Amino acid sequence: MHEIPPEESLIEYPSDFPIKVMGKAHPDFAQTLTELVLQFDPVFDPSTVEMRPSKGGNYISLTFTVRATSRQQLDDLYRALHGHDMVSIVL
């Protein structure tokens, strides 16, 4: 993968960075994905997760505000979330 030089990044590191994840409603959705996020941001506070169910209650969205320390960390986290079988969309 092509690495972007720090001077070309639109994000200053370290910074707080929100990531929204959506998937089908499941009782373990929030816990499972929180555990995944903690692998990439060990200081992440699970109590800060914002959770919103869809109107029909079939889907749920979670917003994780992580402490981004590098482009590599964010890229790895996005790949892990996107590749998880419970996740439909990562923004």
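What this report covers is the structure whose coordinates are included nearby. Because the structure is a prediction, the values reported are computed rather than measured.

Re the environment of Phe 64
For step 1, the next point in the chain: By secondary structure assignment, the location of Phe 64 is in strand 3 (residues 59–68).
For step 2, the next point in the chain: We classify Phe 64 as buried; its relative accessible area is 0%.
For step 3, the next point in the chain: Distance from Phe 64 to Val 21, taken between C-alpha atoms, is 8.0 Å for residues 43 residues apart in sequence.
For step 4, the next point in the chain: If we skip the residues at most four places from it in the chain, Phe 64 touches Phe 17, Pro 18, Ile 19, Val 21, Leu 33, Thr 34, Val 37, Phe 44 and Val 49.

Some remarks on the nonpolar core
For step 1, the next point in the chain: In terms of nonpolar packing, the biggest core is built from 21 residues, with Ile 19, Val 21, Leu 33, Leu 62, Phe 64, Val 66 and Leu 81 touching the most fellow members.
For step 2, the next point in the chain: Among the elements of the structure, strand 1 (15–24), helix 1 (29–40), strand 3 and helix 2 (71–83) are those that each provide at least two residues to this core.
For step 3, the next point in the chain: Discounting chain neighbours no more than four positions away, the residues touching Leu 62 are Ile 19, Lys 20, Val 21, Phe 29, Ala 30, Leu 33, Val 49, Glu 50 and Met 51.

Focus on the sheet that holds strand 1
Where strands meet in a sheet, backbone hydrogen bonds hold them as pairs that are either parallel or antiparallel.
For step 1, the next point in the chain: Pairing in this open sheet of four strands is antiparallel, and the strands run 2-3-1-4 from one edge to the other. In this open sheet, the two edge strands, each paired with only one partner strand, are strand 2 (50–53) and strand 4 (89–90).
For step 2, the next point in the chain: Strand direction decides the pairing type here: strand 1 and strand 4, joined by two bridges, are antiparallel. Looking at the pairing, Met 22 lines up with Ile 89 of strand 4.
For step 3, the next point in the chain: Seen against the sheet, helix 1 touches strand 1, strand 2 and strand 3 and runs at an angle of roughly 20° to strand 3.
For step 4, the next point in the chain: Of the strands in this sheet, strand 1, strand 3 and strand 4 are in contact with helix 2, which crosses strand 1 at around 10°.

Parameters and conventions
- Residues numbered from 1 in each chain as written.
- Predicted model: local features only at pLDDT ≥ 70, side-chain atom pairs only at ≥ 80, totals over all residues.
- Heavy atoms only, no water.
- Helix = DSSP H or I, 4+ residues; strand = E, 2+ residues; numbered from the N terminus.
- Buried < 20%, exposed > 50% of the residue type's maximum accessible area, 1.4 Å probe, protein only.
- Contact = heavy atoms within 4.5 Å.
- Core = buried A, V, L, I, M, F, W, Y, C linked by side-chain atoms within 4.5 Å.
- Pairing = 2+ DSSP bridges.
- Axes fitted to C-alpha atoms, helices over the stretch in contact; angles between N-to-C directions.

Any functional reading would require information beyond the geometric quantities listed.
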